[in-house]
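# Secondary and tertiary structure notes
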Amino acid sequence: QVQLVESGGGLVQAGGSLRLSCSASGRTFSRSAMGWFRQAPGKEREFVSAISWSGALIYYGDSVKGRFTISRDNAKNKAYLQMNSLKPEDTAVYYCAADSLNRPPMAPSEYDYWGQGTQVTVSS
């Protein structure tokens, strides 16, 4: 069982940066693949990034490659998403997710645990 809580969202201007944090609890966190997803109003949940339990395997969605960086600190039971060069189209609720697989899935339906989300708003 894993419980997740996101934080770090807010309002920034285009070109700015935010760092999202995902605080996890549960015995299986260190063996969990972690993912970040986002969802804008009226749109499907979109894959942003994912990282394996060891940190050796990392994926990024095409829309965020070169701008976002995923990381994790298993000793602190946290995962992070550093977001740079933010664009208005990055505006969404961002969700942290966890799965028991070492290889991180890219489909939201394959994740077992989800946080409640944190709002990111990027102004023009």
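Everything below is about the structure printed above this text.
The structure reproduced in this document is the subject of the present report. Just so it is clear, the structure is predicted and the values come from calculations on it, not from any experiment. (Residues numbered from 1 in each chain as written. Predicted model: local features only at pLDDT ≥ 70, side-chain atom pairs only at ≥ 80, totals over all residues. Heavy atoms only, no water.)

## Quick look at the overall build of the protein
Stated precisely, the cut-off is as follows: In this description a helix means any DSSP run of H or I spanning at least four residues, a strand means any run of E spanning at least two, and both kinds are numbered starting from the N terminus. Radius of gyration here is computed from C-alpha atoms only, and the compact-globule reference equals 2.2 Å multiplied by the residue count raised to the power 0.38. Note on classification: 1.4 Å probe, protein chains only; a residue is buried when its accessible area is under 20% of the maximum for its type, exposed when over 50%, partly exposed between these limits. A contact between two residues is defined here by any heavy atoms of the two lying within 4.5 Å. Under the convention used here, a 1.4 Å probe and the Shrake-Rupley method define accessible areas, while residue burial counts only the protein chains that appear. Lys and Arg are tallied as positive, Asp and Glu as negative. Neither His nor the chain termini are counted. Charge positions come from single atoms, namely NZ of Lys, CZ of Arg, CG of Asp or CD of Glu.
If you tally the helices and strands in the protein, you get zero helices and 11 strands. Relative to a compact globule of 124 residues, whose C-alpha radius of gyration would be 14 Å, the protein shows 13 Å and is just as compact. Relative to its full complement of 124 residues, the protein shows a buried share of 40%. Partitioning the intrachain contacts of the protein with sequence separation of at least 6 by distance along the chain shows that 59% fall at a separation of at least 24. Only carbon and sulfur atoms are counted for the fraction: they give 47% of the accessible area of the protein, which is about 6300 Å². Charge centroids of the protein, computed over 13 positive and 10 negative side chains, lie 7 Å from each other.

## A look at the layout of surface pockets
Selection rule: Think of a 1 Å grid over the protein atoms and nothing else: a 1.4 Å probe that fits but is trapped marks a cavity, an open set flanked by protein within 12 Å on at least five of seven lines marks a pocket, and residues with an atom within 4 Å of a point count as lining. Grid points are joined across faces, edges and corners, and a volume is the space filled by probe spheres set on the points. Gly is put with the polar residues, along with every residue not named as nonpolar or charged; the nonpolar set is Ala, Val, Leu, Ile, Met, Phe, Trp, Tyr, Cys and Pro, and the charged set is Asp, Glu, Lys and Arg.
Estimated volume of the largest pocket: approximately 160 Å³. Contributing to the lining of the largest pocket are 13 residues, with R38, A40, K43, E46 and E89 lying nearest its centre. Of the residues that constitute the lining of the largest pocket, the class distribution is two nonpolar, three polar and eight charged.

## Comments concerning the side chain of R67
Mapping R67 onto the fold places it in the loop between β6 (58–60) and β7 (68–73). Its relative accessible area of 11% is what places R67 among the buried residues. Other than its neighbours up to four places away in sequence, R67 contacts Q82, M83, N84, S85, L86, K87 and D90.

## Some words on the environment of Y95
Tracing the backbone through its elements, the reader meets Y95 in strand β9 (residues 92–99). Overall, Y95 belongs to the buried group, its relative accessible area being 14%. Residues Y95 and G35, spaced 60 residues apart in sequence, show a C-alpha to C-alpha distance of 8.2 Å. Y95 has contacts with E6, G35, W36, F37, Q39, R45, W114, G115, Q116 and G117, leaving out every residue within four places of it along the chain.

## Things to note about the state of the cysteines
Here is the idea: a disulfide is a covalent bond, and it sits between the sulfur atoms of two cysteines. Our working rule: The definition used for a disulfide is geometric: two cysteine sulfur atoms within 2.5 Å.
Here the structure, examined in full by the defined rule, presents one disulfide. What pairs with C22 in a disulfide is C96, and their sulfur atoms sit 2.2 Å apart. On the sign convention where negative is left-handed, the bridge of C22 and C96, at about -80 degrees about the S-S bond, is left-handed. With C22 in strand β3 (residues 18–25) and C96 in strand β9, the pair connects residues that are 74 residues apart, well separated along the chain.

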